Amino acid sequence: MPTIYLSPSTQEWNRYVTGSGSEEYNMNLLADALVPYLNANSIQYKRNRPEMTAGSSIREANRGTYDLYLALHSNGAPEGHYGEERGIIAFYYPGSAQGQRAAELIAAELRKIYPLPNKVTTRSTTTLGEVSQSNAPAVLVEIGYHDNYADAAWLEGHWDAIAQQLARALTEYFGLPFLYPMEPREGIVTLNYGTLNLRSYPAPTGTILANLPDGAQVTVYGEWQGWYAVRWKDQAGYAAAAYIDV
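Residues numbered from 1 in each chain as written. Predicted model: local features only at pLDDT ≥ 70, side-chain atom pairs only at ≥ 80, totals over all residues. Heavy atoms only, no water.

J.: Is there a simple way to explain helix α5 (residues 149–156) in this structure?
T.: Since the α-helix advances by 3.6 residues per turn, residues separated by three or four positions end up pointing in the same direction. Among the residues of α5, those classed as buried are Asp 151, Ala 152, Trp 154 and Leu 155. Buried residues in α5, looked at end-on, bunch into an arc of 160°, giving them a common side. Those residues of α5 hidden inside the fold are in contact with β3 (68–75), β4 (88–92), β6 (138–145) and α6 (159–174). Its side-chain oxygen 3.0 Å from the backbone nitrogen of Ala 150, Asn 148 forms the N-cap of α5. (Buried < 20%, exposed > 50% of the residue type's maximum accessible area, 1.4 Å probe, protein only. Helix = DSSP H or I, 4+ residues; strand = E, 2+ residues; numbered from the N terminus. Arc of directions from axis to C-beta. Contact = heavy atoms within 4.5 Å. Polar contact = N/O pair within 3.5 Å; in protein donor to acceptor, adjacent residues only side chain to side chain.)

Laid out in structure tokens, this is it:
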């Protein structure tokens, strides 16, 4: 299954004009809202931690193997224009076809909910380390301006909606159907014989990732057309719902 490195901002010094806290605090709220969507769609992830920096996040990600590096930030206007700017920018590294594709999918989904869709853009850059130094295709998305009251207030009222659109972009990027999260439930594989295939896609054509024995305990995160999105041990994937009692 696809695995992303999820890097919410560690910039605790950037304060929201609304008084709701820092960029670090608020982008972690967004990451918290995104996690149930990742689980429901069998997208595995590793997430940085607030005590880290952008540099240590990049180094940690580069020690592993990830299909996408996703950095979540909010923006600040340049000196002399405080509070005057609005918009969303999805940055990618020039020449990275997959990074550009991911950025364009993210921008397309966020245009559907941002109040000024024409101000949702993509842009290549060589100056942002989380884009330029990542071994994996990378997107750094600046979601609104934390020094603009309208943008900051919009962000604070739309964490779940933003998370959902990010997840929709990710499922499109990875070629997966989008599943709404459900409250995680424990399930038991129930078979008369053999094993239950854990697959990379919710269809009989999906690659077999593992074989679940009778009695295996799984966590169910989502459901789609007779398939459950489940986690078994350290593996995520899809299994036929008919053979899992929840």
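J.: How should I be thinking about the side chain of Thr 219 in this particular structure?
T.: Position of Thr 219 relative to the elements: it lies in strand β10 (residues 217–224). Polar side-chain contacts of Thr 219 include one of 3.3 Å to the side chain of Glu 186. Ignoring sequence-local partners within four residues, the contact set of Thr 219 consists of Pro 184, Arg 185, Glu 186, Ala 229, Val 230 and Arg 231.

J.: Which parts of the structure should I look at to understand the sheet that holds strand β5 (residues 120–124)?
T.: Backbone-to-backbone hydrogen bonds join strands into a sheet, with any given pair of strands oriented parallel or antiparallel. The six strands lie next to each other as β2-β1-β3-β6-β4-β5, forming an open sheet whose pairing is mixed. Where the open sheet ends on each side, the last strands, each with one partner, are β2 (44–47) and β5. Each strand axis lies, on average, 20° off the axis of its neighbour in the sheet, ignoring direction. In terms of strand pairing, β3 meets β6 through six bridges, oriented parallel. Looking at the pairing, Leu 72 lines up with Val 141 of β6. (Pairing = 2+ DSSP bridges. Axes fitted to C-alpha atoms, helices over the stretch in contact; angles between N-to-C directions.)

J.: Looking at this model, I keep getting lost on the layout of surface pockets. Mind explaining?
T.: It is a probe the size of a water molecule, rolled over the atoms, that shows where empty space is left. In this structure, the largest pocket spans a volume of roughly 250 Å³. Elements supplying a minimum of two residues to the lining of the largest pocket: β3, α4 (129–132) and β6. Element by element, the count of residues in the lining of the largest pocket is highest for β3, at three residues. Of the residues contributing to the lining of the largest pocket, the split by class is four nonpolar, 10 polar and three charged. (1 Å grid on protein atoms, 1.4 Å probe; cavity = no way out; pocket = protein on both sides within 12 Å on 5 of 7 lines; lining within 4 Å. Points joined across faces, edges and corners; volume = space filled by probe spheres on them. Nonpolar A, V, L, I, M, F, W, Y, C, P; charged D, E, K, R; others polar.)

J.: What's the story with a nonpolar patch on the surface in this structure? I'm lost.
T.: Taken together, the side chains of Val 17, Tyr 82 and Tyr 149 make up a nonpolar region of the molecular surface, amounting to roughly 350 Å² of accessible area. Mapped onto the elements, Val 17 comes out in the loop between β1 (3–8) and α1 (23–40). Judged by its relative accessible area of 33%, Val 17 falls in the partly exposed class. (Patch = residues over 30% accessible without salt bridge, like charges linked within 9 Å, V, L, I, M, F, W, Y side chains within 5 Å. Areas by Shrake-Rupley, 256 points an atom, 1.4 Å probe, with all protein chains shown as cover. Salt bridge = Lys/Arg side-chain N within 4 Å of Asp/Glu carboxyl O.)

J.: Can you walk me through α1 in this structure?
T.: Spanning 18 residues, α1 covers 26 Å between terminal C-alpha atoms, matching the ideal 26 Å at 1.5 Å per step. The sharpest bend along α1 measures roughly 25° and falls at Leu 34, with the proline Pro 36 sitting one to four residues further on. Along α1, 14 of the 18 residues are buried, which leaves the element largely enclosed by surrounding structure. Taken from the residues just after α1, Ser 42 is the one with a positive phi, measuring 55°. (Expected span 1.5 Å × (residues − 1). Bend = angle between axes of the 7 residues up to and from the residue.)

J.: Looking at this model, I keep getting lost on the packing of aromatic side chains. Mind explaining?
T.: Tallied over the entire structure, the rule returns six aromatic pairs. Aromatic pair Tyr 5 and Tyr 69: ring centres 5.2 Å apart, planes at 20°, arrangement stacked. Within this pair, whereas Tyr 5 is found in strand β1, its partner Tyr 69 is found in strand β3, the two being separated by 64 residues in sequence. No difference in accessibility class separates Tyr 5 from Tyr 69, as the two residues are buried. On the basis of an interplanar angle of 80° and a centroid distance of 5.2 Å, the ring pair of Phe 178 and Tyr 180 is categorised as edge-to-face. The class of Tyr 180 is exposed, set by a relative accessible area of 51%. Between Arg 168 and the ring centre of Phe 178, over which it is positioned, the NZ or CZ distance is 4.0 Å. (Phe/Tyr/Trp six-rings, centres within 6.5 Å; stacked < 30°, edge-to-face > 60°. Lys NZ or Arg CZ within 6 Å of the ring centre and 35° of its normal.)

Purely geometric stuff here, so don't read any function into it on its own.
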